[in-house]
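# Breakdown of the fold
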Amino acid sequence: VSHHEQAALRIMNENFDITHLRKLAATGHPDALYRLANQLVIAGMAEEAFSIHERAATAGHPHAQVECARMLMHGIGTDASTDTAARWLASSERQGNTVASYHLALMKPTDEHSSRRLLAAVNAGYLPAILATAIHFGRRQNQDDQALCLQLLRLAAESGHKIAAQLLAERLKF
């Protein structure tokens, strides 16, 4: 774990109020900016949150790049722009962020890289990707695909994903 990742973990695990987070973010540290922006989203201050996510994203914070992209995709705190969102996701993906890969796969499902991106997110244990892939294979009639669906649903359910647990229980009834 790098020094940057250790600092991020320390900041992310601390539970501060917004006033204290503003003081930390005043240092310009990308992790502090990211944490503040997340708290601002929770507090319903989307426009300010977007601005701060964007600052952290510009500083290269891969998780802020994903959040900035998500806000852009849905027009939360800013005007919607899928092109700009895709650029932030690509930047985050280049840093190895598989959540960014997952969102790029959703945005560009016919792209030549979409299968690789989705697989990377599944292999990283990203639950939304696991569930989406399970549903994909569950729609196929092939027995191998059905077995893979069950395996993925079981993995997601064991990780605490309630919808996956429900889908698994339904499939096991038959």
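Quick note: structure is the one above.
Residues numbered from 1 in each chain as written. Predicted model: local features only at pLDDT ≥ 70, side-chain atom pairs only at ≥ 80, totals over all residues. Heavy atoms only, no water.

## Notes on the nonpolar core
For clarity, the cut-off: Buried Ala, Val, Leu, Ile, Met, Phe, Trp, Tyr and Cys residues that are joined via side-chain atoms within 4.5 Å together make up what is termed a nonpolar core. Classification of residues uses two cut-offs on accessible area relative to the type maximum, computed with a 1.4 Å probe and protein chains only: under 20% is buried, over 50% is exposed, and between them is partly exposed. Runs of E in the DSSP output that reach at least two residues are strands. Runs of H or I that reach at least four are helices, and both are numbered from the N terminus. Contacts are assigned to residue pairs that have any heavy atoms within 4.5 Å of one another.
Of all hydrophobic cores here, the largest spans 25 residues; its most connected members are Leu36, Ile52, Cys68, Leu72, Trp88 and Leu89. Of all the secondary structure elements, the ones that give two or more residues to this core are helix H2 (18–25), helix H3 (30–42), helix H4 (46–58), helix H5 (62–74), helix H6 (82–94) and helix H7 (98–107). It is H5 that provides the largest number of residues to this core, a total of 7 residues. If near-sequence neighbours (up to four positions away) are discounted, Cys68 is found in contact with Phe50, His53, Glu54, Ala57 and Trp88. In this structure, Tyr126, Leu131, Ala134 and Leu168 belong to the second largest nonpolar core, which totals 15 residues.

## A word on the packing of aromatic side chains
To keep things clear, this is the line we draw: Between the rings of Phe, Tyr and Trp (Trp by its six-membered ring), a pair exists once the centres lie within 6.5 Å; its type follows the angle of the planes, with under 30 degrees stacked, over 60 edge-to-face, and the other angles tilted.
Taken as a whole, this structure holds 1 aromatic pair when the rule is applied. Relative to Tyr126, the ring of Tyr102 has its centre 5.2 Å away and its plane inclined at 70°; by these criteria the two rings are edge-to-face. Taken together, the residues span a long stretch of sequence, with Tyr102 in helix H7 and Tyr126 in the loop between helix H8 (114–123) and helix H9 (127–138) at a distance of 24 residues.

## Observations concerning the pattern of salt bridges
Put simply, the rule is: When a carboxyl oxygen of Asp or Glu is within 4 Å of a side-chain nitrogen of Lys or Arg, the pair counts as a salt bridge.
Applying the stated criterion across every chain yields a total of 5 salt bridges. Arg140 is the salt-bridge partner of Asp145, the closest N and O atoms lying 3.6 Å from each other. A relative accessible area of 36% means that Arg140 is categorised as partly exposed. Linked by salt bridges that have partners in common, Glu93, Asp111 and Arg117 make up one network.

## Here we look at the layout of surface pockets
Rules: Think of a 1 Å grid over just the protein atoms. A cavity is a set of points where a 1.4 Å probe fits yet cannot get out, a pocket is an open set with protein on both sides within 12 Å along at least five of seven lines, and lining residues have an atom within 4 Å of a point. Grid points are joined across faces, edges and corners, and a volume is the space filled by probe spheres set on the points. As a working rule, the residues Ala, Val, Leu, Ile, Met, Phe, Trp, Tyr, Cys and Pro are called nonpolar, Asp, Glu, Lys and Arg charged, and the rest polar, with Gly in that last group.
A volume near 280 Å³ is recorded for the largest pocket. As for the largest pocket, its lining consists of Ala105, Leu106, Pro109, Ser114, Ser115, Leu118, Leu119, Val122, Ala132, Thr133, His136 and Phe137. Listed by contribution, the elements that provide at least two residues to the lining of the largest pocket are H7, H8 and H9. Broken down by element, the residue count for the lining of the largest pocket peaks at 5 residues, all from H8. When grouped by side-chain class, the residues that make up the lining of the largest pocket number 8 nonpolar, 4 polar and no charged.

## A word on the packing of H2 against H3
Where we set the bar: Axes here refer to lines fitted to C-alpha atoms; in helices the fit is confined to the stretch in contact. Angles between the N-to-C directions go from 0 to 180 degrees. Angular relationships are summarised with four words: roughly parallel below 35 degrees, roughly antiparallel beyond 145, roughly perpendicular across 65 to 115, and oblique for the angles in between. For any pair of crossing helices, the crossing counts as left-handed if the nearer helix is rotated counterclockwise from the farther one by less than a right angle, and right-handed if it is rotated clockwise.
One can describe the packing of H2 onto H3 by two numbers: an axis separation of 8 Å at closest approach and a directional angle of 150°. Between H2 and H3, the angle falls in the class roughly antiparallel. Remark: the crossing between H2 and H3 carries left-handed chirality. Residues Ile18, Leu21, Arg22, Leu24 and Ala25 of H2 touch H3, and the partners they reach there are Ala32, Leu33, Arg35, Leu36, Gln39 and Leu40. Per-class residue counts for the contact of H2 with H3 are 8 nonpolar, 1 polar and 2 charged.

## Thoughts on H5
Going by this rule: Here, expected helix span is obtained from the residue count minus one, scaled by 1.5 Å.
The terminal C-alpha atoms of H5 lie 19 Å apart, and with 13 residues this matches the ideal 18 Å at 1.5 Å per residue to within 8%. For H5, the tally of buried residues reaches 10 of 13 residues, placing the bulk of the element in the interior. Within the sequence span of H5, burial applies to Pro62, Ala64, Gln65, Val66, Glu67, Cys68, Ala69, Met71, Leu72 and Met73. Where the residues of H5 are buried, they touch H3, H4, H6 and H7. Once H5 finishes, Gly75 follows within two positions and takes phi at roughly 65°, a positive value.

## Focus on the side chain of His61
The test is simple: Residues adjacent in sequence count toward polar contacts only when both atoms are side-chain atoms; beyond that, a polar contact is any pair of N or O atoms within 3.5 Å, and within protein one must be able to donate a hydrogen and the other to accept it.
Looking at where His61 falls in the secondary structure, it is placed in the loop between H4 and H5. With a relative accessible area of 3%, His61 lands in the buried category. Polar contacts involving the side chain of His61 include one to the main-chain amide nitrogen of Ala64, which spans 3.1 Å. The contacts of His61, once residues within four sequence positions are left out, are Pro30, Asp31, Tyr34 and Ala56.

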